[in-house]
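As a plain string of letters, each chain reads:
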Amino acid sequence: MKQLLTIGTIAEKSAVNPGIGDTSPDYKLDVWGTICQDTDSNDVCDGTVTSDLRLKQNITIIPNALEKIEQLRGIYFYWNSSINATEHLGRGERQIGLVAQEVQQVLPELIYEDMDGYKMIDYQKVSAVLTEAVKELKEEKDSEIAGLKKENEVLKKELSNLREDVQKLKILANGSK
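Bear in mind the structure is a predicted one, so any value in this text is a computation, not a measurement. (Residues numbered from 1 in each chain as written. Predicted model: local features only at pLDDT ≥ 70, side-chain atom pairs only at ≥ 80, totals over all residues. Heavy atoms only, no water.)

If you look at the biggest cluster of nonpolar residues, it comprises 14 residues, and the most contacted ones within it are L72, L98, V103, L107 and I121. Those elements that place two or more of their residues in this core are α2 (65-70), α3 (100-106) and α4 (123-175). Here L107 is in contact with K68, L72 and V129, once residues within four sequence places are set aside. (Core = buried A, V, L, I, M, F, W, Y, C linked by side-chain atoms within 4.5 Å. Buried < 20%, exposed > 50% of the residue type's maximum accessible area, 1.4 Å probe, protein only. Helix = DSSP H or I, 4+ residues; strand = E, 2+ residues; numbered from the N terminus. Contact = heavy atoms within 4.5 Å.)

What follows is the structure, given as structure tokens:
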């Protein structure tokens, strides 16, 4: 059976930020290294998030998801090494992501602030918007393809009629000689 690690008493927890592998934690829980989120006790890092339909109410589809995604920029960047808050974020390595301030303009429910006022993105929730955007894009493309197929059939019919007319004209031209 696994042992649970308890850090301090409730009073101590409210006064101190616990750190795992970090002797001077900057956040409510500061971890140096990789975090394994084993949500179903199967000894596998699954990183899942509770999403059961039975726990949800007032469900609506995200409207205009493609329009929202089009307003965001996927970027490459490097962390600003002159700011202490980037100390554990992979300085010197090229990163990929979004800009929280830009996401906040479009999807404010995905933005949080840390204790120092730095904005953070809940990237897991971006997948819901991307899912709806892909579906909207597919619907647009399916509609365009159906229209092009219909137009193609009309053009094929017109071409067939023109070929018949050309054949008739050839017959008439040969008959008048």
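So much for the structure itself; the text now carries on.
To continue, consider the pattern of salt bridges. Within this structure, the stated rule accounts for eight salt bridges. The salt bridge partner of D122 is K125, with a shortest N-O separation of 3.5 Å. Relative accessible area serves as the criterion here: at 18%, D122 is assigned to the buried category. (Salt bridge = Lys/Arg side-chain N within 4 Å of Asp/Glu carboxyl O.)

What follows is about the packing of aromatic side chains. Describing an aromatic ring pair means giving the distance of the ring centres and the angle of the ring planes. The final tally for this structure, using the stated rule, is one aromatic pair. Residue placement shows R94 over the ring face of Y76; its charged tip is 3.6 Å from the ring centre. (Phe/Tyr/Trp six-rings, centres within 6.5 Å; stacked < 30°, edge-to-face > 60°. Lys NZ or Arg CZ within 6 Å of the ring centre and 35° of its normal.)

Let's shift gears to the environment of D116. Its location among the elements puts D116 in the loop between β5 (111-113) and β6 (119-121). Overall, D116 belongs to the exposed group, its relative accessible area being 54%. Along the sequence, D116 and A85 sit 31 residues apart, while their C-alpha atoms lie 8.7 Å from each other.

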